[in-house]
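# Inside the fold
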Amino acid sequence: MSAIDQKNEPIISLRNVTKIFGDKTIINNVSLDIFRGETFVIMGCSGSGKSTLLRLITGALRPDNGNVLIRGKDIARISVDELEEVKRSFGMLFQYSALLDSLTVEENIALPLREHTKLADDIIKIIIKLKLSLVGLRGYESHYPSQISGGMKKRVGLARAIALDPDIVFYDEPTSGLDPVVGGAIDKLIKDLSTKLTITSVVITHDMQSVFGIADRIAMVHKGEIVEIGTRDEIKNSSNATIQQFIHGSPVGPIDFFKEDIGIAEALGL
Amino acid sequence: MAATIGRFIIEYFRWIKGIALLFYNILYWIFVGPFKGKAAHRQSIFQQMVFVGLHSVVIVFFVDIFTGIVMAMQTAYQLQRMGAVLYVASLVAVSLCRELSPVLTALVVAGRAGSAIAAELGTMKVTEQIEALETMAINPIRFLAVPRFLALAIMLPCLTVLGNISGIIGGFIVGTGSLHINPDLYMQTTFKYLELKDIYTGLIKAIVFGILIAIICCYEGLYTKGGAEGVGRATTRSVVASFIAVILADCVITGIFFFSKS
Ligand SMILES: Nc1ncnc2c1ncn2[C@@H]1O[C@H](COP(=O)(O)OP(=O)(O)OP(=O)(O)O)[C@@H](O)[C@H]1O
Ligand SMILES: [Mg+2]
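Residues numbered from 1 in each chain as written. Chains lettered and ligands numbered in written order. Predicted model: local features only at pLDDT ≥ 70, side-chain atom pairs only at ≥ 80, totals over all residues. Heavy atoms only, no water.

## Quick word on the overall build of chain B
The number of helices and strands found in chain B is nine helices and zero strands. Element order for chain B, N to C, with α for helix and β for strand: α-α-α-α-α-α-α-α-α. Overall, the C-alpha framework of chain B stretches about 70 × 50 × 40 Å when taken along its three principal axes. Counting all 262 residues of chain B, 49% fall into the buried class. (Helix = DSSP H or I, 4+ residues; strand = E, 2+ residues; numbered from the N terminus. Buried < 20%, exposed > 50% of the residue type's maximum accessible area, 1.4 Å probe, protein only.)

Encoded structure:
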């Protein structure tokens, strides 16, 4: 696979990154490298810190410790203008879409194009049509986010994320809340974008089907720490009990579903 | 107890610092931004002006016309005893233009547009829309705060002029209708004692109030924390803080004009 041959320079690399909220360590000493053109999947339980990890990479959050390097440059050390430049090469699909409520679908997708390019309006219109047909939403141009379903919002968010043809696209749970058919189509789109346009993709998901469908490499995150990083087969055949439990979705294992050992009756004070 | 007061004071200074920083950033984007090719959008400034201005016209008109009527009745009560009822006209006009119309208009706009701004930006904040803008390398202050700031700073003086006129109409209704002052004489007396200075000091106040309301409401919105409940809190805080700021600023500006005159 292309991703494996290009293993020279990591495009994103995290060095001992730690993030603390209040007195809780949410991300603990995480180091990882993501290479140009690969599809890197981050999986883990709800609340394990996946979205936080993504926020640290995109610069929305600053690490309390450690460094985040994009193309070899520490994003905490570069100037505001350079950071803007870096951000412009990112596309991001948010977990809850984060479309601007006051703008229509069309205006939402046009926003990065209008802000960062000098393209004429009719060209922008064409790009919007193109991106909308990629996510199967032609004809919804003039709808407001409040008028479309959650899954549709997600797809509009995806169209917006890829509007500027970014080098790196971050997807925070791209298929959650989508039906299997559309989910499959989105997986295929992510795969196509990364193979045909050599986009680097960082995907957060707990959808096992899409993990093993699209990933070049996978990182399993648990309680803010990396359990293991490896290729699809390495993860599938991992001997780590946490990973096996997660893949098979079994309720017994090292990942405890109940936070404490308190029974419900006790918690209710009965 | 001392710790609580201490924390309150620290919070207060942090708030002031945040407000000052936002003001600085807004000015930066207004005056420096255009030279970097990143001006605020004219279209969204216009949209906000319509929202702040046009939609407040009716309520400002009614608030000030009734204030004019009340002012006329109250002053007439005093002036009748001195046989100087005619001066109701100038008293109403001067006190409206200098004081009542700028303040009342600001309070109306803070309650109507200011709270809406805080609620809108607060909702955007808690639903990650602000974060999305930042990730797309679109500065939320330039994109959201600057148009609202300009709209308030421009529209509040305009609404104040409307308030002045409505107040004078209110006074005119009482003066000619119930006090039987000749309409021509009423208008003559109004303008005889109304100086240009009375009007522009009122307008300077209006600009300052508009700026204060805009910064406070944008700040409360952009830094909202904690879900829908947080949005509610931010909205209430923005209105309360705007009211206090307007009254305080009114006192300070009036003082400056009063003492600089001599
Ligand atoms: N701004 C914040 N302030 C305080 N705590 C936070 C903040 N953001 C996240 N957390 C905490 O960090 C932990 C991880 O959150 P995160 O959103 O990264 O989880 P996640 O892995 O994306 O989960 P999910 O799969 O449910 O989206 C949670 O326990 C959350 O309470
Ligand atoms: Mg998440």
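Next comes the rest of the account.
## What to know about the coordination of the magnesium ion (ligand 2)
All names here are of chain A. At the metal site, the magnesium ion (ligand 2) is ligated by Ser51 (OG) and Gln95 (OE1), and these contacts range over 1.9 to 2.2 Å. Pair noted here: serine 51 is in helix H2 (residues 50–58) and glutamine 95 is in the loop between strand E6 (90–93) and helix H4 (105–116), with a separation of 44 residues, a long-range link. Here serine 51 matches glutamine 95 in class, with each residue buried. (Donors = N, O, S within 2.8 Å, 3.2 Å for Na, K, Ca; no water.)

## Considering the interface of chain B and chain A
Contacts between chain B and chain A engage 18 residues on the former and 20 residues on the latter. Interface of chain B and chain A: buried area, both sides summed, is about 1,700 Å²; carbon and sulfur atoms make up 54% of it. Viewed at the interface, chain A and chain B are joined by three salt bridges. Across the salt bridge formed by Arg142(B) and Glu115(A), the nearest N and O atoms sit 2.5 Å from each other. Put simply, chain B and chain A have seven residue pairs in polar contact (both at pLDDT 80 or more) between them. Taken together, the elements giving at least two residues each to the side of chain B that touches chain A come down to helix H4 (88–126), helix H5 (129–135) and helix H6 (140–177) of chain B. By residue number, the principal contributor to the side of chain B that touches chain A is H5(B), which donates six residues. Residues of the side of chain B that touches chain A, tallied by class, amount to seven nonpolar, four polar and seven charged. (Contact = heavy atoms within 4.5 Å. Buried area = accessible area lost by both parts, 1.4 Å probe. Salt bridge = Lys/Arg side-chain N within 4 Å of Asp/Glu carboxyl O. Polar contact = N/O pair within 3.5 Å; in protein donor to acceptor, adjacent residues only side chain to side chain. Nonpolar A, V, L, I, M, F, W, Y, C, P; charged D, E, K, R; others polar.)

## Overview of the packing of aromatic side chains
All names here are of chain A. Tallying each qualifying case throughout the model produces eleven aromatic pairs over all chains. Taking 5.0 Å as the distance between ring centres and 90° as the angle between the ring planes, the aromatic pair formed by phenylalanine 90 and phenylalanine 170 counts as edge-to-face. Note that phenylalanine 90 is positioned in strand E6 and phenylalanine 170 in strand E7 (residues 168–172), a separation of 80 residues in sequence. On the basis of relative accessible area, phenylalanine 90 is assigned to the buried category, the value being 8%. Among the residues examined, phenylalanine 170 registers a relative accessible area of 0% and is labelled buried. (Phe/Tyr/Trp six-rings, centres within 6.5 Å; stacked < 30°, edge-to-face > 60°.)

## Re the site of ligand 1
Residue and element names in this part refer to chain A. Taken together, 14 residues surround ligand 1, and among them Ser46, Gly47, Lys50, Ser51 and Thr52 come closest. In this structure, an oxygen atom belonging to ligand 1 sits 2.6 Å away from a side-chain N or O atom of serine 46. The contact in question runs from an oxygen atom of ligand 1 to an N or O atom on the backbone of serine 48, over 3.3 Å. Relative to its unbound accessible surface of 640 Å², ligand 1 loses 64% to contact with the protein. Listing elements by their share of the shell around ligand 1, those giving two or more residues are strand E2 (24–35) and H2. When residues in the shell around ligand 1 are grouped by element, the largest group, three residues, is from H2. Considering only residue class, the shell around ligand 1 consists of three nonpolar, eight polar and three charged. (Near = heavy atom within 4 Å. Areas by Shrake-Rupley, 256 points an atom, 1.4 Å probe, with all protein chains shown as cover.)

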